[in-house]
Amino acid sequence: MIALSLKKAGISGLAAAVILLFSQISVQAQSTLSQNQDGFNGEKMDGFMNMDPEKDSTVVERTVSKDYYQWTINTYTGLIEIIEPDTLHHSFHNVHLTEGMHGTYSHLGNMGAPRISRLYFEREQPQDFIFDAPYDFWIKNPDQFRFTDAKSPHVSIDYYKGGNRRTGEEHLKGYFAANFNKKTGIGFDLDYLLGRGRFENQSTSMFDARVYTYYRGDIYQMYVTVNRDNMKVTENGGIQDPRYVTNPEAMAEGRKSYSPEDIPFRLRYNWNNIKRNQALFNQELSISVTTSHTDSIGDTVYTFTDKKEYGKLAHTLEIGNLNRRYIFYQTWPGFYTRSFLKNDSVDIMRNFYLTNTLSLSLLEGSTKWAFAGFSAFARYEYKNYHMPDTLATGSEYMRRYSEGKFTLGAHLEKSQGDNLTFSADFESIVLGASLGDFRLSGQTDLKYRLLGKDAGLGAYAEISASDAPFYYASQHSTFAWWDSDFKKEFRTRFGGYVDIGQTGTRLQLDVENVANYVYLKNDAGAYINADNVTQPSYSISAAQHNGSIQILSASLQQNFILGPLHWDNNITYQLSGNKKIIPLPDLNVFSDLYLKFIYYKRLNLEIGANALYFTRYNAPGYCPAVGAFHIQNDGCIQEVGGYPLLTGYVNCSLRGVRFYIMYYHANDGQMSNRDSFMLPGYPAIPGMVKFGLSWTFFD
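Bear in mind the structure is a predicted one, so any value in this text is a computation, not a measurement.

Participant: Would you mind going over the overall build of the protein chain with me for this structure?
Facilitator: When helices and strands are counted, the protein chain shows five helices and 37 strands. Across the 699 residues of the protein chain, 47% fall into the buried class. For the protein chain, contacts bridging at least 24 residues in sequence account for 66% of all contacts bridging at least 6. Surface accessibility of the protein chain: about 34,000 Å² in total, with carbon and sulfur atoms responsible for 57%.

Participant: Got a minute to help me understand a positive patch on the surface in this structure?
Facilitator: A cluster of like positive charges, contributed by R228, K232, K275 and R325, occupies part of the molecular surface. Note on placement: R325 falls in strand β12 (residues 300-328).

Participant: Where do I start with the nonpolar core in this structure?
Facilitator: Counting 76 residues, the largest nonpolar core has Y135, Y336 and Y471 as the members making the most contacts within it. Once residues lying within four places of it in the same chain are set aside, the contact partners of Y135 are G112, A113, P114, M206, M231, V233, I274 and Y622. Residues F121, Y517, Y519 and L584 belong to the second largest nonpolar core, which totals 12 residues.

Participant: Can you walk me through the sheet that holds strand β2 (residues 80-83) in this structure?
Facilitator: The strands that make up a sheet are held in pairs by hydrogen bonds between backbone atoms, and each pair lies either parallel or antiparallel. Taken in spatial order, the three strands make up an open sheet running β2-β1-β5, and their pairing is antiparallel. Looking at the sheet topology across the chains shown, the edges are occupied by β2 and β5 (147-150). On average, adjacent strands in this sheet sit at an angle of 35 degrees to one another, irrespective of strand direction. Both strand β1 (residues 68-73) and β5 contribute to a ladder of four bridges, which runs antiparallel. When the bridges of β5 are listed, Y68 appears paired with A150.

Participant: Looking at this structure, I do not really get the pairing of strand β28 (residues 565-576). What am I missing?
Facilitator: The side chains of a regular strand alternate between both faces of the sheet. Inspection of the sheet shows strand β27 (residues 548-562) paired to β28 by 12 bridges, in the antiparallel sense. The residue bridging S553 from the neighbouring strand is Q574, located in β28. Between β27 and β28, which pair antiparallel one after the other, the connecting turn spans two residues, and G563 there sits at a positive phi close to 65 degrees. Bridging between β28 and strand β29 (residues 587-599) involves nine bridges; their strand directions are antiparallel. Paired with T572 across the two strands is N588, which belongs to β29.

Participant: Help me out: how do you make sense of the pattern of salt bridges in this one?
Facilitator: For side chains bearing opposite charge, pairing can occur when the charged atoms are close. Tallied over the full model, the rule gives 31 salt bridges. Salt-bridge contacts for R210 lead to D208; the nearest nitrogen and oxygen are separated by 3.3 Å. On the basis of relative accessibility, which here comes to 1%, the residue R210 falls in the buried class. For D229, the salt bridge identified is with R276, shortest N-O distance 2.4 Å. You can see D229 sitting in strand β10 (residues 220-234) and its partner R276 sitting in strand β11 (residues 270-297), a full 47 residues away along the chain. Taken as a pair, D229 and R276 share a single burial class, namely buried.

Participant: What am I meant to see in the side chain of K383 here?
Facilitator: Along the chain, the position of K383 falls in strand β14 (residues 373-390). Assessed through its relative accessible area of 8%, K383 is described here as buried. Within the structure, the side chain of K383 is placed 2.4 Å from the side chain of D128, a separation counted as a polar contact. Contact partners of K383, with chain neighbours within four places excluded, come to D128, N351, F352, Y353, Y401, S402 and E403.

Participant: Even after reading the chapter, I still don't get the pairing of β10, so can you show me in this structure?
Facilitator: For strand β9 (residues 204-216) and β10, the ladder comprises 13 bridges, and the chain directions are antiparallel. When the sheet's bridge partners are listed, M206 is paired in β10 with M231. In sequence, β9 turns back onto β10 through a hairpin of three residues.

Participant: What is the right way to look at a nonpolar patch on the surface in this model?
Facilitator: Taken together, the side chains of I157, L172, F188, L190, Y192, F207, V211, V226 and F697 present a nonpolar region at the surface, about 730 Å² in accessible area. Residue assignment for the nonpolar patch shows that the elements contributing at least two residues are β8 (184-195) and β9. Among the elements that make up the nonpolar patch, the one with the highest residue count is β8 (three residues). Secondary-structure assignment places Y192 in strand β8.

Participant: Explain the side chain of H665 to me, please; I cannot follow it from the model alone.
Facilitator: Tracing the backbone shows H665 in the loop between β34 (657-664) and β35 (677-679). Overall, the relative accessible area of 1% leaves H665 in the buried class.

Participant: What is the right way to look at the confidence of the model for the protein chain in this model?
Facilitator: Detailed reading of the predicted coordinates is not advisable wherever pLDDT falls low. Taken over all residues, the pLDDT of the protein chain has a mean of 87, while the share at 70 or more is 88%. In the predicted structure, residues 1-63 sits below a pLDDT of 50 and forms 45 contacts with residues beyond four places in sequence or in another chain.

Participant: Any chance you could explain unusual backbone geometry here in plain terms?
Facilitator: What is expected of a backbone is that most residues other than glycine have negative phi and most peptide bonds are trans. Its identity as a non-glycine residue notwithstanding, Y269 has a phi of 60 degrees, on the positive side. Mapped onto the elements of the fold, Y269 is located in the loop between α4 (248-251) and β11. Unlike most non-glycine residues, Y600 shows phi in positive territory, near 55 degrees. Structurally, Y600 is set in the loop between β29 and β30 (603-614). With relative accessibility at 26%, the residue Y600 sits in the partly exposed group.

Participant: How should I be thinking about the environment of K488 in this particular structure?
Facilitator: Looking at the element boundaries, K488 is found in the loop between β20 (481-483) and β21 (489-500). Looking at K488, the relative accessible area reads 18%, which means it is buried. Sequence spacing of K488 and A468 is 20 residues, and the spatial spacing of their C-alpha atoms is 6.9 Å. Setting aside residues up to four positions removed in sequence, K488 forms contacts with S434, L435, G436, D437, S466, D467, A515 and N516. Looking at K488, its side chain comes within polar contact range of the main-chain oxygen of L435, at 3.2 Å.

Participant: Could you clarify how one ought to interpret the packing of aromatic side chains in this entry?
Facilitator: On inspection of all chains with the given rule, the structure shows 39 aromatic pairs. Seen from their ring centres, F147 and Y223 are 5.8 Å apart, and the 70 degrees between their planes marks the pair as edge-to-face. Residue F147 is found in strand β5, and its partner Y223 is found in strand β10; the two are separated by 76 residues along the sequence. Given the relative accessible area of 0%, F147 is considered buried. Taking the relative accessible area as the measure of exposure, Y223 reaches 1% and is therefore buried. Arranged with centres 5.1 Å apart and planes meeting at 90 degrees, the rings of Y244 and Y258 form a pair that is edge-to-face. One end of the pair, Y244, is in helix α3 (residues 243-246); the other, Y258, is in the loop between α4 and β11, and 14 residues separate them in sequence. Owing to a relative accessible area of 25%, Y258 belongs among the partly exposed residues under this scheme. Looking at R115, its charged tip hangs above the ring of Y105, at a distance of 3.5 Å from the centre. We note K232 situated over the ring of W271; from NZ or CZ to the ring centre the distance is 5.3 Å.

Thresholds, definitions, all that
Residues numbered from 1 in each chain as written. Predicted model: local features only at pLDDT ≥ 70, side-chain atom pairs only at ≥ 80, totals over all residues. Heavy atoms only, no water. Helix = DSSP H or I, 4+ residues; strand = E, 2+ residues; numbered from the N terminus. Buried < 20%, exposed > 50% of the residue type's maximum accessible area, 1.4 Å probe, protein only. Contact = heavy atoms within 4.5 Å. Areas by Shrake-Rupley, 256 points an atom, 1.4 Å probe, with all protein chains shown as cover. Patch = residues over 30% accessible without salt bridge, like charges linked within 9 Å, V, L, I, M, F, W, Y side chains within 5 Å. Salt bridge = Lys/Arg side-chain N within 4 Å of Asp/Glu carboxyl O. Lys, Arg positive; Asp, Glu negative; His and termini not counted. Charge placed at Lys NZ, Arg CZ, Asp CG, Glu CD. Core = buried A, V, L, I, M, F, W, Y, C linked by side-chain atoms within 4.5 Å. Pairing = 2+ DSSP bridges. Axes fitted to C-alpha atoms, helices over the stretch in contact; angles between N-to-C directions. Polar contact = N/O pair within 3.5 Å; in protein donor to acceptor, adjacent residues only side chain to side chain. pLDDT = per-residue confidence, 0-100. Phe/Tyr/Trp six-rings, centres within 6.5 Å; stacked < 30°, edge-to-face > 60°. Lys NZ or Arg CZ within 6 Å of the ring centre and 35° of its normal.

Right, dumping it as structure tokens:
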């Protein structure tokens, strides 16, 4: 009866199931408590601890192990790297936010939309297939995938929902892990995201399916994972007139206001579609020595064997097929300045790659001289690219580019011990394309006790030279066309941190000098649209800065605690040596004020609010035709920032179940400053109620 009422009310089946589940939990809890009202004063029962009925002595209970651990595969050394499972309760309400755990990313105003970090040192170096970089919130490459070893079958489900069925957003994640025995396991991982969009023509739809298996014998180990991704993003080209957000009364001539769904945007019937098929196969052979000795007890002789593992020989195979297509059924005159292909052209970019890596590793502590682990590897990588081209007659075809390269490298790491750890890496391309590319890096960490709590110091340094990614150096498409011969980029980066647990302080300093920086720019100017508003046109190309640019970043994480009251702060100051080419906000602040306590010894609660703020700057623009961010054109600059975004939340954890409810962007329309744009032309998501749940099952 309840389910039928929920369905009539317009609530989806999955959401209805979640509501019914919590309703049932609430009813059962109330029923149990009503039997003994002293359960809340501790005279007869300890909160929820002793509310269970007495156990039947004739029933034999089965103990289910909840022990499990996860790891990833280092595709260079071929070794596994143990990682912590995602079970943290603190800040769980931020996990599904496209702007990141601490609000450091700017995006196009919808869940799963293209994003870029405002913090320079948080950005990853672009790969050859540059088109999936703006979706790093969602995608997982094979070397990022988590294998799971669970003693009992293990199922985890995450569900998130915001807004209503027409303009809301949903995110469903789940994985299953099981072991046949101590050596063999299987599992799968599903991830589905749907952002319908509060604004016009901005929906996102993303689906990832992944399966894996492994065998971990005493001598031979094998790991396999295969995934398929499909991402489809509607492009609206940005708002038609910023005043619909900054001054809606003026646009409505003082008679009414506009809802987000009624605000007009610049494009219709435009999509970016990305498909990714990838596979990883890793196998390892243990190098060990087995010794035996005998001993006698009385007249009985016993034989004992000892196995000592010294190293591993590993082989890693990666295969990937990446596709990106820009679909455009309608573009307004002036939006793009030039069309290089016919209107019915197929605007497709493809990248196929295959890599084989062979590595030999000496394990840390395997001998008295092995104070650190050491790995040497050799990698051959073959890549194939496709993109449109034209003949002298004007006929179109798909042009193919192929390249191969051979890389040698080494990795040194000391990870054992309670105090000092360090690592160093070196790799260089010695044959084939991008000959002479190299990267040399190292870092060290020192942990110690200070005033009874953990403290740490750390430092790192890196120097590298690299050719520009393929689709930065050359790109052919309907609305963007260039071929460039860039010099190598040279980067020198170093930094360090101080972490003081006693005061809740962490200070991080990063510095980089980059020479011959390659970037995307907009060569077009501006045009006046039908509403007499100046808007940017788009003609994107790649460029290289002939000189050096220095970037400085200082980040302070300062947490205060007073009983149940917590105040966490993340503040970053940045300085760019060339703000035109590498624009960065001077200040980025994320502050979280909350009460943290345990309700009746079982329910962990965080009740609070957080604020996101960054200073105004000439942020990168976004062009749908290339699906990437670029430097704004001088003829049409729009600054963003200077707007606080406030969110209130209740974050809970009960017996392994994590859930939250929040009101995102609580100050939407409530301030005199309504300039909520995170990127030029793209306002932040309007105020919305959001709910999330994570539940792990063992059997």
